[in-house]
Number of protein chains: 2
Amino acid sequence: MVDEMSPIPFYVQLADLLAKQIEEGKLKPRQPLPSEATLQQEYGVARGTVRSAVRLLRDRGLVVTFTGRGTFVAEKRP
Amino acid sequence: MVDEMSPIPFYVQLADLLAKQIEEGKLKPRQPLPSEATLQQEYGVARGTVRSAVRLLRDRGLVVTFTGRGTFVAEKRP
DNA sequence: GCGGATTTGTACGTATGTATG
DNA sequence: GCATACATACGTACAAATCCG
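The structure displayed is predicted, hence computed values, not measured ones.

Chemist: Help me understand the protein's contact with DNA strand C in this model?
Modeler: Near DNA strand C, the surroundings consist of 20 residues, among which A:Glu36, A:Arg47, A:Arg51, B:Glu36 and B:Arg51 are the closest. Here DNA strand C approaches the protein such that, of its atoms within 4 Å, sugar and phosphate make up 61%. At 3.5 Å, a side-chain N or O of B:Ser35 approaches a phosphate oxygen of DNA strand C. Elements represented by at least two residues in the surface near DNA strand C include exactly α3 (47-59), β1 (63-66) and β2 (70-73) of chain A together with α3 (47-59), β1 (63-66) and β2 (70-73) of chain B.

Chemist: Teacher, can you tell me more about helix α1 (residues 10-23) of chain B here?
Modeler: Each α-helix turn comprises 3.6 residues. Residues three or four places apart therefore point the same way. All names here are of chain B. With 14 residues, α1 should cover 20 Å at 1.5 Å per step; its first-to-last C-alpha distance of 20 Å lies within 8% of that length. When we look at burial in α1, the residues that qualify are Gln-13, Leu-14, Ala-15, Leu-18, Ala-19 and Ile-22. Buried residues along α1 sit in contact with α2 (36-43), α3, β1 and β2.

Chemist: Where do I start with the packing of α1(B) against α3(B) in this structure?
Modeler: Angle between the axes and distance between the axes are the two parameters that describe a pair of packed helices. Residues and elements named next belong to chain B. Interaxial distance between α1 and α3 falls to 8 Å at its minimum, and their mutual angle equals 50°. Here α1 is positioned oblique relative to α3, judged by the angle of their axes. Regarding α1 and α3, the two cross each other, and that crossing is right-handed. The segment α1 lies against α3, with Phe-10, Tyr-11, Val-12, Leu-14, Ala-15, Leu-18 and Ala-19 engaging Thr-49, Val-50, Ser-52, Ala-53, Leu-56 and Leu-57. Taken together, the residues of the contact of α1 with α3 sort by class into 11 nonpolar, two polar and no charged.

Chemist: I'm lost on the packing of aromatic side chains in this one. Help?
Modeler: Each aromatic ring pair is summarised here by two numbers: the centre-to-centre distance and the angle between the ring planes. As enumerated under the stated definition, the model contains two aromatic pairs over all chains in all. Looking at A:Arg69, its charged tip hangs above the ring of A:Phe66, at a distance of 4.4 Å from the centre.

Chemist: Can you walk me through the protein's contact with DNA strand D in this structure?
Modeler: DNA strand D sits among 16 residues. The nearest are A:Phe10, A:Thr49, B:Phe10, B:Tyr11 and B:Thr49. Here the atoms of DNA strand D within 4 Å of the protein split so that 92% fall in sugar or phosphate, with bases taking the remainder. Take B:Tyr11: an N or O atom from its side chain is 2.8 Å from a phosphate oxygen of DNA strand D. Between DNA strand D and the protein, one listed contact pairs a phosphate oxygen with a backbone N or O atom of B:Ala46 at 2.8 Å. Where the surface near DNA strand D is concerned, the elements lending two or more residues are α1 (10-23) and α3 of chain A together with α1 of chain B. In the surface near DNA strand D, the residues fall into 10 nonpolar, four polar and two charged.

Chemist: Help me understand the pairing of β1(B), please; the structure alone is not making it clear to me.
Modeler: Remark: a regular strand shows side chains that alternate across the two faces of the sheet. All names here are of chain B. With four bridges joining them, β1 and β2 adopt antiparallel strand pairing. If you follow Val-63 over to β2, its bridge partner there is Val-73. Where β1 hands over to β2, the hairpin turn is made up of three residues, of which Gly-68 adopts a positive phi near 75°.

Chemist: How should I be thinking about the packing of α2(B) against α3(B) in this particular structure?
Modeler: Residues and elements named next belong to chain B. Put simply, α2 and α3 touch, their axes get as near as 9 Å, and they point 110° apart. Judged on the interaxial angle alone, α3 and α2 are roughly perpendicular. In contact with Glu-36, Leu-39 and Gln-40 of α2, α3 contributes Arg-47, Val-50 and Arg-51. Looking at the contact of α2 with α3 residue by residue, the classes come out as two nonpolar, one polar and three charged.

Each value, and the rule that gives it
- Sequence positions are assigned chain by chain, starting from 1 and proceeding in written order.
- Written order determines the labels here, with chains lettered from A and ligands numbered from 1.
- Side-chain atom pairs in this predicted model are given and counted only at pLDDT of 80 or more, local residue features only at pLDDT of at least 70, and totals for whole chains, interfaces and linings cover all residues.
- Side-chain descriptors were evaluated using all non-hydrogen atoms of the structure, hydrogens and water having been removed beforehand.
- For each residue, the test is whether any non-hydrogen atom lies within 4 Å of the molecule or strand; if one does, the residue is near.
- Between N or O atoms, a polar contact is any pair within 3.5 Å; within protein, one atom must be a potential hydrogen donor and the other a potential acceptor, and residues adjacent in sequence are included only when both atoms are from side chains.
- Where helices and strands are cited, they refer to DSSP runs of H or I of at least four residues and of E of at least two residues respectively, numbered from the N terminus.
- Each helix should span, by expectation, one fewer than its residue count multiplied by 1.5 Å.
- Only protein chains enter the calculation, and the probe is 1.4 Å; a residue is then buried if its accessible area is under 20% of its type maximum, exposed if over 50%, and partly exposed in between.
- A contact between two residues is defined here by any heavy atoms of the two lying within 4.5 Å.
- Lines fitted to C-alpha atoms define the axes here, with helix axes fitted over just the stretch in contact, and angles between the N-to-C directions of these axes take values from 0 to 180 degrees.
- Working definition: roughly parallel below 35 degrees, roughly antiparallel above 145 degrees, roughly perpendicular at 65 to 115 degrees, and oblique for all remaining angles.
- Take the far helix as the reference: if the near one is turned anticlockwise from it by less than a right angle, the crossing is left-handed, and if turned clockwise, right-handed.
- For this classification, Asp, Glu, Lys and Arg are treated as charged, while Ala, Val, Leu, Ile, Met, Phe, Trp, Tyr, Cys and Pro are nonpolar and the rest, including Gly, are polar.
- Ring geometry is summarised as follows: Phe, Tyr and Trp rings, the Trp one being its six-membered ring, pair when their centres sit within 6.5 Å, and such pairs are stacked at plane angles under 30 degrees, edge-to-face over 60 and tilted between the two.
- By definition here, charges over rings are those cases where NZ of Lys or CZ of Arg is within 6 Å of the ring centre and within 35 degrees of the ring normal.
- Note on pairing: two strands pair once DSSP finds at least 2 bridges between them.

As structure tokens, this is what we get:
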């Protein structure tokens, strides 16, 4: 769950949690992230918050998203 | 863009800009306005500012808004 | 090919918190 | 105190793309 008391926005906290899982290899390249609906339930936040978090990861190049398919861990860059 | 130096609030400036486009026929009856997100980017203001501007136009009867669909130029009144 | 389910995309409604003048 | 402006966060609704039986 995200920390209600932290001054850090939920969507930033969530992005950091997901980024950590990617960096630790718990989520591997080409592997799908949980769907927005799943993340929403798992972390107890609204869908918009999930989308903000994933947008951050996308901006950092950590994930790629396809409409109707999902969001996947990006390939490592050479 | 809105004028930073003007004493007129951003949202009033923006409402006037949009009203002018409607009156000049650049935006025609039943035609959708740009989304709040688009106006936000185009005019370099926050969403709340866009919403304040659109609320003014709605109060003047120039536009009608539908949740999840958008804001449209109102039909001419007989 | 079709219909339904899933997933992401877009759009608006509302509330709250912070900061500034 | 009040109005303006921005950011965050919740919700609803519907569209678009994809997947599967």
